[in-house]
Amino acid sequence: MKNLFEMNRLWVRMLHKNIKEAMQQEAKELDMLVGENIVRLSSLEGLTPDSYKSSLLPLLLSFTRSSKHPLSQQYLIDCIIKVFPDDYHLGTLEKLLEGCIALDKDVDVKLFLMELMERLGNCSEGVVGREAFEVFGKYVKWVIEEKGEKTVKLLELNARFMLFTVKLYPSEVGYVDSILESTETIIKKESEVEVDCLDLLMNLLVITLEALSLSVLELTHYSLLVKCLPFRLQTNLSQRILLVLINSNQTLTSLDKLGIFMELISSLTEPKSKLEINLQLSIAKLIHFICIEEPEKELLAIAKFKQEFSKDPNKFILTVFPGLVWALYKLSAKCKDSTLYLKAHEFAFQIIGELALVNPEAAIKLLLNGALVLNEHGFELNEAEALFMQYVDKAISLFHDELIAVSYTHLRAHETSLHLVCRLLLEKKKKKKKKKK
(Lines give C-alpha, C1' and ligand atoms only; values in the text may rest on other atoms or scores of the structure.)
Protein backbone atom coordinates (compact mmCIF):
# COMPACT_ATOMS: atom_id res chain seq x y z
CA MET A 1 0.00 0.00 0.00
CA LYS A 2 2.89 2.37 0.84
CA ASN A 3 4.53 1.63 -2.51
CA LEU A 4 1.19 2.27 -4.28
CA PHE A 5 0.75 5.55 -2.40
CA GLU A 6 4.22 6.87 -3.35
CA MET A 7 3.93 5.95 -7.03
CA ASN A 8 0.46 7.47 -7.29
CA ARG A 9 1.63 10.68 -5.60
CA LEU A 10 4.47 11.01 -8.12
CA TRP A 11 2.06 10.30 -11.00
CA VAL A 12 -0.37 12.97 -9.72
CA ARG A 13 2.49 15.52 -9.55
CA MET A 14 3.29 14.83 -13.18
CA LEU A 15 -0.38 15.20 -14.10
CA HIS A 16 -0.47 18.64 -12.48
CA LYS A 17 2.49 19.87 -14.54
CA ASN A 18 2.78 20.51 -18.25
CA ILE A 19 5.30 17.73 -18.74
CA LYS A 20 7.62 17.67 -21.71
CA GLU A 21 7.30 15.10 -24.42
CA ALA A 22 10.30 13.18 -23.06
CA MET A 23 8.55 12.73 -19.71
CA GLN A 24 5.21 11.55 -21.17
CA GLN A 25 6.47 8.00 -21.56
CA GLU A 26 7.62 8.02 -17.93
CA ALA A 27 4.16 9.18 -16.83
CA LYS A 28 2.56 6.31 -18.78
CA GLU A 29 4.89 3.81 -17.14
CA LEU A 30 3.99 5.15 -13.69
CA ASP A 31 0.33 4.82 -14.64
CA MET A 32 0.90 1.13 -15.43
CA LEU A 33 2.85 0.57 -12.22
CA VAL A 34 0.00 1.98 -10.13
CA GLY A 35 -2.40 -0.44 -11.83
CA GLU A 36 0.01 -3.36 -11.36
CA ASN A 37 0.22 -2.63 -7.64
CA ILE A 38 -3.56 -2.93 -7.31
CA VAL A 39 -3.43 -6.21 -9.28
CA ARG A 40 -0.82 -7.53 -6.81
CA LEU A 41 -3.03 -6.52 -3.88
CA SER A 42 -5.95 -8.48 -5.39
CA SER A 43 -3.82 -11.66 -5.54
CA LEU A 44 -2.34 -11.49 -2.01
CA GLU A 45 -2.38 -14.78 -0.11
CA GLY A 46 -4.96 -14.88 2.63
CA LEU A 47 -7.14 -12.18 1.09
CA THR A 48 -10.82 -13.12 1.48
CA PRO A 49 -14.09 -11.31 0.72
CA ASP A 50 -14.40 -10.52 4.45
CA SER A 51 -10.87 -9.08 4.80
CA TYR A 52 -11.35 -7.14 1.56
CA LYS A 53 -14.59 -5.67 2.91
CA SER A 54 -13.34 -4.86 6.41
CA SER A 55 -9.74 -3.78 5.70
CA LEU A 56 -8.49 -3.48 2.14
CA LEU A 57 -11.39 -1.64 0.44
CA PRO A 58 -11.64 1.10 3.11
CA LEU A 59 -7.88 1.67 2.74
CA LEU A 60 -8.12 1.83 -1.07
CA LEU A 61 -11.06 4.25 -0.94
CA SER A 62 -9.32 6.47 1.61
CA PHE A 63 -6.17 6.45 -0.53
CA THR A 64 -8.19 7.29 -3.65
CA ARG A 65 -9.89 10.27 -1.95
CA SER A 66 -6.53 11.57 -0.71
CA SER A 67 -5.08 11.75 -4.24
CA LYS A 68 -7.49 14.70 -4.93
CA HIS A 69 -6.96 14.57 -8.69
CA PRO A 70 -10.06 13.54 -10.72
CA LEU A 71 -8.05 11.67 -13.38
CA SER A 72 -6.14 9.72 -10.72
CA GLN A 73 -9.35 8.96 -8.78
CA GLN A 74 -11.12 7.81 -11.95
CA TYR A 75 -8.22 5.50 -12.82
CA LEU A 76 -7.87 4.01 -9.31
CA ILE A 77 -11.59 3.16 -8.95
CA ASP A 78 -11.59 1.73 -12.47
CA CYS A 79 -8.66 -0.53 -11.47
CA ILE A 80 -10.46 -1.65 -8.29
CA ILE A 81 -13.57 -2.61 -10.27
CA LYS A 82 -11.59 -4.47 -12.91
CA VAL A 83 -9.11 -6.48 -10.80
CA PHE A 84 -11.18 -7.72 -7.84
CA PRO A 85 -13.56 -10.68 -8.32
CA ASP A 86 -17.34 -10.36 -8.69
CA ASP A 87 -18.09 -11.86 -5.27
CA TYR A 88 -15.92 -9.17 -3.64
CA HIS A 89 -17.99 -6.45 -5.36
CA LEU A 90 -21.28 -8.11 -4.45
CA GLY A 91 -20.42 -7.95 -0.76
CA THR A 92 -19.23 -4.34 -0.92
CA LEU A 93 -21.42 -2.76 -3.61
CA GLU A 94 -23.02 -0.16 -1.32
CA LYS A 95 -19.67 0.74 0.31
CA LEU A 96 -17.85 1.02 -3.03
CA LEU A 97 -20.49 3.26 -4.63
CA GLU A 98 -20.78 5.36 -1.48
CA GLY A 99 -17.00 5.93 -1.73
CA CYS A 100 -17.38 6.87 -5.41
CA ILE A 101 -19.86 9.69 -4.84
CA ALA A 102 -17.49 11.20 -2.21
CA LEU A 103 -14.77 11.74 -4.85
CA ASP A 104 -14.04 14.90 -6.86
CA LYS A 105 -17.07 16.36 -8.65
CA ASP A 106 -15.37 15.83 -12.03
CA VAL A 107 -15.11 12.06 -11.52
CA ASP A 108 -17.60 10.24 -13.78
CA VAL A 109 -19.52 8.01 -11.34
CA LYS A 110 -21.85 6.99 -14.17
CA LEU A 111 -19.02 5.01 -15.79
CA PHE A 112 -18.41 3.07 -12.55
CA LEU A 113 -22.10 2.18 -12.33
CA MET A 114 -22.22 1.00 -15.94
CA GLU A 115 -19.06 -1.09 -15.56
CA LEU A 116 -20.32 -2.78 -12.39
CA MET A 117 -23.71 -3.46 -14.01
CA GLU A 118 -22.03 -5.06 -17.01
CA ARG A 119 -19.84 -7.29 -14.80
CA LEU A 120 -22.48 -8.33 -12.30
CA GLY A 121 -25.11 -8.70 -15.03
CA ASN A 122 -23.25 -11.80 -16.24
CA CYS A 123 -23.78 -13.54 -12.87
CA SER A 124 -26.87 -15.62 -12.10
CA GLU A 125 -29.83 -14.13 -10.21
CA GLY A 126 -29.26 -16.43 -7.23
CA VAL A 127 -25.70 -15.15 -6.86
CA VAL A 128 -26.46 -11.44 -7.22
CA GLY A 129 -29.60 -11.21 -5.11
CA ARG A 130 -32.34 -8.61 -5.26
CA GLU A 131 -30.59 -6.08 -3.04
CA ALA A 132 -28.19 -5.29 -5.93
CA PHE A 133 -31.09 -3.76 -7.88
CA GLU A 134 -31.97 -1.51 -4.94
CA VAL A 135 -28.36 -0.36 -4.52
CA PHE A 136 -27.92 0.41 -8.22
CA GLY A 137 -31.32 2.12 -8.30
CA LYS A 138 -30.31 4.38 -5.41
CA TYR A 139 -27.08 5.58 -7.07
CA VAL A 140 -28.57 5.83 -10.58
CA LYS A 141 -31.17 8.16 -9.05
CA TRP A 142 -28.35 10.16 -7.41
CA VAL A 143 -26.58 10.59 -10.77
CA ILE A 144 -29.84 11.70 -12.46
CA GLU A 145 -30.75 14.20 -9.74
CA GLU A 146 -27.37 15.50 -8.55
CA LYS A 147 -24.75 15.28 -11.31
CA GLY A 148 -26.41 17.44 -13.95
CA GLU A 149 -25.43 15.06 -16.77
CA LYS A 150 -26.59 15.54 -20.35
CA THR A 151 -29.80 13.70 -21.32
CA VAL A 152 -27.97 11.40 -23.74
CA LYS A 153 -25.59 10.25 -20.95
CA LEU A 154 -28.48 9.59 -18.56
CA LEU A 155 -30.30 7.54 -21.20
CA GLU A 156 -27.12 5.49 -21.76
CA LEU A 157 -27.04 4.79 -18.02
CA ASN A 158 -30.71 3.79 -17.91
CA ALA A 159 -30.29 1.53 -20.94
CA ARG A 160 -27.42 -0.26 -19.17
CA PHE A 161 -29.49 -0.50 -15.99
CA MET A 162 -32.36 -1.99 -18.01
CA LEU A 163 -30.05 -4.65 -19.53
CA PHE A 164 -28.82 -5.56 -16.05
CA THR A 165 -32.38 -5.76 -14.71
CA VAL A 166 -33.99 -7.86 -17.47
CA LYS A 167 -31.08 -10.31 -17.38
CA LEU A 168 -31.24 -10.93 -13.64
CA TYR A 169 -34.85 -10.16 -12.74
CA PRO A 170 -36.96 -11.02 -15.83
CA SER A 171 -40.06 -11.75 -13.74
CA GLU A 172 -39.92 -8.46 -11.83
CA VAL A 173 -42.13 -6.27 -14.00
CA GLY A 174 -42.17 -3.59 -11.28
CA TYR A 175 -38.37 -3.19 -11.47
CA VAL A 176 -38.56 -2.66 -15.23
CA ASP A 177 -41.44 -0.19 -14.94
CA SER A 178 -39.53 1.87 -12.37
CA ILE A 179 -36.64 2.30 -14.87
CA LEU A 180 -39.13 3.29 -17.58
CA GLU A 181 -40.69 5.84 -15.20
CA SER A 182 -37.23 7.30 -14.53
CA THR A 183 -36.59 7.45 -18.29
CA GLU A 184 -39.90 9.22 -18.86
CA THR A 185 -38.90 11.85 -16.27
CA ILE A 186 -35.58 12.42 -18.08
CA ILE A 187 -37.24 12.75 -21.50
CA LYS A 188 -39.97 15.12 -20.32
CA LYS A 189 -37.40 17.61 -19.04
CA GLU A 190 -36.38 18.28 -22.65
CA SER A 191 -38.43 20.67 -24.75
CA GLU A 192 -36.99 19.10 -27.90
CA VAL A 193 -35.40 15.64 -27.76
CA GLU A 194 -32.22 15.18 -29.83
CA VAL A 195 -31.87 12.42 -32.42
CA ASP A 196 -29.21 10.59 -30.36
CA CYS A 197 -31.54 10.57 -27.36
CA LEU A 198 -34.43 9.20 -29.45
CA ASP A 199 -32.22 6.38 -30.76
CA LEU A 200 -31.21 5.50 -27.18
CA LEU A 201 -34.86 5.59 -26.08
CA MET A 202 -35.77 3.28 -28.96
CA ASN A 203 -32.94 0.94 -27.94
CA LEU A 204 -34.18 0.86 -24.34
CA LEU A 205 -37.75 0.03 -25.45
CA VAL A 206 -36.50 -2.73 -27.77
CA ILE A 207 -34.38 -4.23 -24.94
CA THR A 208 -37.50 -4.31 -22.76
CA LEU A 209 -39.66 -5.85 -25.50
CA GLU A 210 -37.15 -8.58 -26.37
CA ALA A 211 -36.74 -9.52 -22.71
CA LEU A 212 -40.37 -9.40 -21.55
CA SER A 213 -42.28 -10.19 -24.75
CA LEU A 214 -46.01 -9.44 -24.23
CA SER A 215 -45.45 -8.70 -20.53
CA VAL A 216 -44.77 -5.13 -21.75
CA LEU A 217 -48.57 -4.82 -21.80
CA GLU A 218 -48.41 -4.81 -17.98
CA LEU A 219 -46.00 -1.85 -17.89
CA THR A 220 -47.67 1.48 -17.15
CA HIS A 221 -44.87 3.62 -18.60
CA TYR A 222 -44.03 1.60 -21.73
CA SER A 223 -46.86 2.94 -23.90
CA LEU A 224 -46.22 6.48 -22.58
CA LEU A 225 -42.59 6.31 -23.76
CA VAL A 226 -43.62 4.91 -27.15
CA LYS A 227 -45.60 8.13 -27.68
CA CYS A 228 -42.38 10.13 -27.14
CA LEU A 229 -40.90 8.58 -30.31
CA PRO A 230 -41.30 10.22 -33.74
CA PHE A 231 -43.72 8.50 -36.13
CA ARG A 232 -40.95 6.68 -38.05
CA LEU A 233 -39.58 5.01 -34.90
CA GLN A 234 -43.08 4.34 -33.55
CA THR A 235 -43.90 2.43 -36.74
CA ASN A 236 -40.66 0.47 -36.48
CA LEU A 237 -41.41 -0.48 -32.87
CA SER A 238 -45.05 -1.32 -33.69
CA GLN A 239 -43.86 -3.84 -36.28
CA ARG A 240 -41.59 -5.46 -33.68
CA ILE A 241 -44.46 -5.69 -31.18
CA LEU A 242 -46.72 -7.21 -33.83
CA LEU A 243 -44.15 -9.89 -34.71
CA VAL A 244 -43.55 -10.66 -31.02
CA LEU A 245 -47.26 -11.53 -30.64
CA ILE A 246 -47.37 -13.65 -33.80
CA ASN A 247 -44.13 -15.53 -33.08
CA SER A 248 -44.78 -16.10 -29.37
CA ASN A 249 -48.08 -17.97 -29.88
CA GLN A 250 -49.51 -16.07 -26.91
CA THR A 251 -53.04 -14.67 -26.99
CA LEU A 252 -54.79 -11.47 -25.92
CA THR A 253 -57.11 -12.74 -23.19
CA SER A 254 -58.89 -9.57 -22.09
CA LEU A 255 -60.32 -6.35 -23.46
CA ASP A 256 -57.78 -4.38 -21.42
CA LYS A 257 -54.82 -6.22 -22.97
CA LEU A 258 -56.28 -5.79 -26.44
CA GLY A 259 -56.74 -2.06 -25.81
CA ILE A 260 -53.11 -1.60 -24.71
CA PHE A 261 -51.85 -3.73 -27.60
CA MET A 262 -53.85 -1.74 -30.16
CA GLU A 263 -52.50 1.49 -28.64
CA LEU A 264 -48.91 0.21 -29.00
CA ILE A 265 -49.38 -0.63 -32.70
CA SER A 266 -51.64 2.34 -33.47
CA SER A 267 -49.03 3.90 -35.79
CA LEU A 268 -49.63 1.01 -38.24
CA THR A 269 -53.32 1.86 -38.54
CA GLU A 270 -52.76 5.54 -39.27
CA PRO A 271 -53.63 6.62 -42.85
CA LYS A 272 -50.12 8.08 -43.33
CA SER A 273 -48.37 4.76 -42.62
CA LYS A 274 -47.10 2.93 -45.70
CA LEU A 275 -47.21 -0.83 -45.23
CA GLU A 276 -45.89 -3.58 -47.48
CA ILE A 277 -48.29 -6.41 -48.33
CA ASN A 278 -46.41 -8.88 -46.07
CA LEU A 279 -46.91 -6.60 -43.11
CA GLN A 280 -50.60 -6.18 -43.95
CA LEU A 281 -50.96 -9.98 -44.00
CA SER A 282 -49.25 -10.17 -40.60
CA ILE A 283 -51.73 -7.61 -39.28
CA ALA A 284 -54.57 -9.74 -40.71
CA LYS A 285 -53.44 -12.64 -38.48
CA LEU A 286 -53.95 -10.57 -35.33
CA ILE A 287 -57.66 -11.26 -35.08
CA HIS A 288 -56.92 -14.96 -34.49
CA PHE A 289 -54.85 -14.09 -31.39
CA ILE A 290 -57.88 -12.69 -29.56
CA CYS A 291 -59.03 -15.40 -27.16
CA ILE A 292 -61.49 -14.15 -24.53
CA GLU A 293 -63.54 -16.70 -22.62
CA GLU A 294 -66.76 -14.67 -22.38
CA PRO A 295 -68.40 -14.55 -25.87
CA GLU A 296 -69.99 -11.15 -25.13
CA LYS A 297 -66.56 -9.60 -24.44
CA GLU A 298 -65.02 -11.33 -27.45
CA LEU A 299 -67.71 -9.78 -29.67
CA LEU A 300 -66.83 -6.36 -28.20
CA ALA A 301 -63.13 -7.08 -28.86
CA ILE A 302 -63.82 -7.90 -32.53
CA ALA A 303 -65.87 -4.69 -32.84
CA LYS A 304 -62.99 -2.69 -31.30
CA PHE A 305 -60.55 -4.37 -33.69
CA LYS A 306 -62.75 -3.50 -36.68
CA GLN A 307 -63.10 0.10 -35.52
CA GLU A 308 -59.30 0.49 -35.26
CA PHE A 309 -58.68 -0.81 -38.77
CA SER A 310 -61.52 1.23 -40.27
CA LYS A 311 -59.39 4.40 -39.96
CA ASP A 312 -58.06 3.57 -43.43
CA PRO A 313 -60.45 0.90 -44.80
CA ASN A 314 -58.99 0.98 -48.31
CA LYS A 315 -55.68 -0.25 -46.89
CA PHE A 316 -57.05 -3.12 -44.78
CA ILE A 317 -60.37 -4.14 -46.31
CA LEU A 318 -58.90 -6.90 -48.50
CA THR A 319 -56.52 -8.30 -45.86
CA VAL A 320 -58.06 -7.69 -42.43
CA PHE A 321 -61.84 -7.74 -43.03
CA PRO A 322 -62.12 -11.39 -44.22
CA GLY A 323 -60.35 -12.51 -41.03
CA LEU A 324 -62.88 -10.54 -38.96
CA VAL A 325 -65.74 -12.41 -40.66
CA TRP A 326 -64.15 -15.80 -39.95
CA ALA A 327 -63.56 -14.79 -36.32
CA LEU A 328 -67.29 -13.97 -36.01
CA TYR A 329 -68.25 -17.33 -37.53
CA LYS A 330 -65.95 -19.07 -35.04
CA LEU A 331 -67.44 -17.04 -32.19
CA SER A 332 -71.01 -17.87 -33.22
CA ALA A 333 -70.23 -21.61 -33.09
CA LYS A 334 -69.51 -21.39 -29.33
CA CYS A 335 -72.39 -19.05 -28.45
CA LYS A 336 -75.06 -20.53 -26.19
CA ASP A 337 -77.15 -17.40 -26.21
CA SER A 338 -79.35 -17.07 -29.31
CA THR A 339 -79.34 -13.27 -29.27
CA LEU A 340 -75.54 -13.14 -29.22
CA TYR A 341 -75.42 -15.79 -31.95
CA LEU A 342 -77.55 -13.66 -34.25
CA LYS A 343 -75.59 -10.50 -33.38
CA ALA A 344 -72.35 -12.18 -34.46
CA HIS A 345 -73.86 -13.16 -37.83
CA GLU A 346 -75.45 -9.76 -38.38
CA PHE A 347 -72.08 -8.10 -37.74
CA ALA A 348 -70.40 -10.55 -40.14
CA PHE A 349 -73.05 -9.79 -42.80
CA GLN A 350 -72.40 -6.04 -42.37
CA ILE A 351 -68.62 -6.47 -42.86
CA ILE A 352 -69.19 -8.66 -45.94
CA GLY A 353 -71.39 -5.88 -47.39
CA GLU A 354 -68.41 -3.50 -47.15
CA LEU A 355 -66.07 -6.07 -48.69
CA ALA A 356 -68.49 -6.75 -51.57
CA LEU A 357 -67.96 -3.22 -52.86
CA VAL A 358 -64.28 -3.92 -53.65
CA ASN A 359 -64.07 -7.72 -53.98
CA PRO A 360 -67.40 -9.38 -54.85
CA GLU A 361 -65.80 -12.79 -55.39
CA ALA A 362 -64.36 -12.91 -51.84
CA ALA A 363 -67.71 -11.65 -50.49
CA ILE A 364 -69.62 -14.45 -52.27
CA LYS A 365 -67.39 -17.11 -50.69
CA LEU A 366 -67.78 -15.60 -47.22
CA LEU A 367 -71.57 -15.32 -47.61
CA LEU A 368 -71.87 -18.96 -48.60
CA ASN A 369 -69.62 -20.08 -45.79
CA GLY A 370 -71.75 -18.03 -43.40
CA ALA A 371 -74.83 -19.84 -44.66
CA LEU A 372 -73.05 -23.17 -44.11
CA VAL A 373 -72.23 -22.19 -40.49
CA LEU A 374 -75.86 -21.19 -39.89
CA ASN A 375 -77.06 -24.42 -41.47
CA GLU A 376 -74.75 -26.45 -39.23
CA HIS A 377 -74.90 -24.67 -35.89
CA GLY A 378 -77.91 -22.36 -36.22
CA PHE A 379 -80.64 -22.18 -33.61
CA GLU A 380 -84.12 -23.28 -34.56
CA LEU A 381 -85.24 -19.66 -34.81
CA ASN A 382 -87.10 -17.78 -37.50
CA GLU A 383 -84.41 -15.07 -37.32
CA ALA A 384 -81.68 -17.61 -38.03
CA GLU A 385 -83.59 -18.94 -41.03
CA ALA A 386 -84.18 -15.41 -42.30
CA LEU A 387 -80.48 -14.64 -41.91
CA PHE A 388 -79.62 -17.84 -43.77
CA MET A 389 -81.76 -16.74 -46.72
CA GLN A 390 -80.23 -13.25 -46.48
CA TYR A 391 -76.75 -14.78 -46.91
CA VAL A 392 -77.87 -16.87 -49.89
CA ASP A 393 -79.88 -14.08 -51.54
CA LYS A 394 -76.96 -11.67 -51.27
CA ALA A 395 -74.58 -14.30 -52.69
CA ILE A 396 -76.92 -14.99 -55.65
CA SER A 397 -77.32 -11.25 -56.26
CA LEU A 398 -73.56 -10.72 -56.32
CA PHE A 399 -73.14 -13.84 -58.43
CA HIS A 400 -75.66 -12.47 -60.95
CA ASP A 401 -73.85 -9.14 -61.11
CA GLU A 402 -70.58 -10.98 -61.68
CA LEU A 403 -72.12 -13.03 -64.54
CA ILE A 404 -73.07 -9.83 -66.31
CA ALA A 405 -69.70 -8.17 -65.64
CA VAL A 406 -67.30 -10.97 -66.66
CA SER A 407 -66.70 -12.78 -69.93
CA TYR A 408 -67.52 -16.48 -70.45
CA THR A 409 -63.87 -17.51 -70.03
CA HIS A 410 -63.96 -16.29 -66.39
CA LEU A 411 -67.23 -18.02 -65.46
CA ARG A 412 -65.59 -21.29 -64.43
CA ALA A 413 -63.99 -19.49 -61.50
CA HIS A 414 -67.53 -19.12 -60.04
CA GLU A 415 -68.62 -22.71 -60.73
CA THR A 416 -67.78 -23.87 -57.15
CA SER A 417 -69.81 -21.03 -55.69
CA LEU A 418 -72.83 -21.96 -57.82
CA HIS A 419 -72.63 -25.63 -56.72
CA LEU A 420 -72.45 -24.52 -53.09
CA VAL A 421 -75.57 -22.35 -53.46
CA CYS A 422 -77.52 -25.33 -54.87
CA ARG A 423 -76.27 -27.62 -52.10
CA LEU A 424 -77.25 -25.16 -49.37
CA LEU A 425 -80.78 -24.70 -50.74
CA LEU A 426 -81.30 -28.47 -51.08
CA GLU A 427 -80.09 -29.10 -47.51
CA LYS A 428 -82.39 -26.40 -46.19
CA LYS A 429 -85.32 -27.90 -48.05
CA LYS A 430 -84.63 -31.34 -46.53
CA LYS A 431 -84.44 -29.85 -43.03
CA LYS A 432 -87.82 -28.14 -43.52
CA LYS A 433 -89.44 -31.46 -44.56
CA LYS A 434 -88.04 -33.23 -41.49
CA LYS A 435 -89.35 -30.43 -39.26
CA LYS A 436 -92.88 -30.73 -40.72
CA LYS A 437 -92.93 -34.53 -40.18
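Residues numbered from 1 in each chain as written. Predicted model: local features only at pLDDT ≥ 70, side-chain atom pairs only at ≥ 80, totals over all residues. Heavy atoms only, no water.

Re the packing of helix α8 (residues 131-146) against helix α9 (residues 151-168)
Link 1 in the chain: For the pair α8 and α9, interaxial distance at closest approach is 11 Å and the crossing angle is 175°. Our classification of the angle between α8 and α9 gives roughly antiparallel. From α8, A132, F133, F136, G137, V140, V143 and I144 reach across to α9, where they touch L154, L157, N158, F161, F164 and T165. (Axes fitted to C-alpha atoms, helices over the stretch in contact; angles between N-to-C directions. Helix = DSSP H or I, 4+ residues; strand = E, 2+ residues; numbered from the N terminus. Parallel < 35°, antiparallel > 145°, perpendicular 65-115°, else oblique. Contact = heavy atoms within 4.5 Å.)

Observations concerning a negative patch on the surface
Link 1 in the chain: Taken together, the side chains of E190, E192, E194, D196 and D199 make up a negatively charged region of the molecular surface.
Link 2 in the chain: Mapped onto the secondary structure, E194 falls in the loop between α10 (173-188) and α11 (195-212). (Patch = residues over 30% accessible without salt bridge, like charges linked within 9 Å, V, L, I, M, F, W, Y side chains within 5 Å. Areas by Shrake-Rupley, 256 points an atom, 1.4 Å probe, with all protein chains shown as cover. Salt bridge = Lys/Arg side-chain N within 4 Å of Asp/Glu carboxyl O. Lys, Arg positive; Asp, Glu negative; His and termini not counted. Charge placed at Lys NZ, Arg CZ, Asp CG, Glu CD.)

Structural notes on the packing of aromatic side chains
Link 1 in the chain: As enumerated under the stated definition, the model contains 15 aromatic pairs in all.
Link 2 in the chain: Ring geometry for F305 against F309: centres 4.8 Å apart, planes inclined by 40°, an arrangement best described as tilted.
Link 3 in the chain: With a relative accessible area of 1%, F309 lands in the buried category.
Link 4 in the chain: A ring pair is formed by F309 and F316, whose centres lie 5.0 Å apart and whose planes are at 80°; its orientation type is edge-to-face.
Link 5 in the chain: According to the relative accessible area criterion, F316 is buried, its value standing at 0%. (Phe/Tyr/Trp six-rings, centres within 6.5 Å; stacked < 30°, edge-to-face > 60°. Buried < 20%, exposed > 50% of the residue type's maximum accessible area, 1.4 Å probe, protein only.)

Side note on the packing of helix α4 (residues 70-83) against helix α5 (residues 86-101)
Link 1 in the chain: In the contact formed by α4 and α5, the axes pass within 12 Å of each other and the chain directions differ by 175°. Classified by the interaxial angle, the pair formed by α4 and α5 is roughly antiparallel. Each of I77, I80 and I81 in α4 lies in contact with α5, whose residues at this interface are H89, L96 and C100.
Link 2 in the chain: By residue class, the composition of the contact of α4 with α5 is 5 nonpolar, 1 polar and no charged. (Nonpolar A, V, L, I, M, F, W, Y, C, P; charged D, E, K, R; others polar.)

Let's talk about the side chain of D177
Link 1 in the chain: Mapped onto the fold, D177 is located in helix α10.
Link 2 in the chain: At 12 Å, K188 is the nearest oppositely charged side chain to D177, a buried residue that forms no salt bridge.
Link 3 in the chain: Within the structure, the side chain of D177 is placed 3.2 Å from the backbone nitrogen of H221, a separation counted as a polar contact. (Polar contact = N/O pair within 3.5 Å; in protein donor to acceptor, adjacent residues only side chain to side chain.)

Focus: the confidence of the model for the protein
Link 1 in the chain: Per-residue confidence for the protein gives a mean pLDDT of 84, with 82% of residues at or over 70.
Link 2 in the chain: Below a pLDDT of 50 lies the segment residues 19-27, which in the model reaches 7 contacts outside its immediate sequence neighbourhood of four places, other chains included. (pLDDT = per-residue confidence, 0-100.)

Structural notes on a nonpolar patch on the surface
Link 1 in the chain: Together, L318, L357 and V358 make up an exposed nonpolar region whose accessible area comes to about 330 Å².
Link 2 in the chain: Its location among the elements puts V358 in the loop between α20 (338-356) and α21 (360-377).
Link 3 in the chain: Owing to a relative accessible area of 46%, V358 belongs among the partly exposed residues under this scheme.

A short note on α11
Note on helix geometry: an α-helix contains 3.6 residues per turn, so any two residues three or four positions apart are oriented the same way.
Link 1 in the chain: Taking 1.5 Å per residue, 18 residues should reach 26 Å; α11 reaches 26 Å between its end C-alpha atoms and fits that length.
Link 2 in the chain: Of the positions making up α11, those classed as buried are C197, L198, L200, L201, M202, L204, L205, V206, I207, T208, L209 and L212.
Link 3 in the chain: Residues of α11 that are buried make contact with α9, α10, α12 (222-226) and α13 (231-248).
Link 4 in the chain: Looking one or two residues past α11, S213 carries a phi angle of roughly 55°, positive in sign. (Expected span 1.5 Å × (residues − 1).)

Topic: the pattern of salt bridges
Link 1 in the chain: On inspection of all chains with the given rule, the structure shows 17 salt bridges.
Link 2 in the chain: When the shortest N-O distance is used, the salt bridge between E298 and K334 registers 2.9 Å. Highlighted residues: E298 in helix α17 (residues 295-308) and K334 in the loop between α19 (321-333) and α20, separated in sequence by 36 residues.
Link 3 in the chain: On the basis of relative accessible area, E298 is assigned to the buried category, the value being 8%.
Link 4 in the chain: Here K311 makes a salt bridge to E308, at a shortest N to O gap of 2.8 Å.
Link 5 in the chain: What you see here is one network of salt bridges that share partners, running through D78, K82 and E115.

Re the environment of A102
Link 1 in the chain: Along the chain, A102 turns up in the loop between α5 and α6 (109-120).
Link 2 in the chain: Given a relative accessible area of 48%, A102 falls into the partly exposed group.

Examining α19
Link 1 in the chain: Compared with the 18 Å implied by 1.5 Å per residue over 13 residues, the 19 Å span of α19 between its first and last C-alpha is a close match.
Link 2 in the chain: Counting buried residues in α19 gives 10 out of 13 residues, a clear majority hidden from the surface.
Link 3 in the chain: Those residues of α19 lying buried are F321, P322, G323, L324, V325, A327, L328, Y329, L331 and S332.

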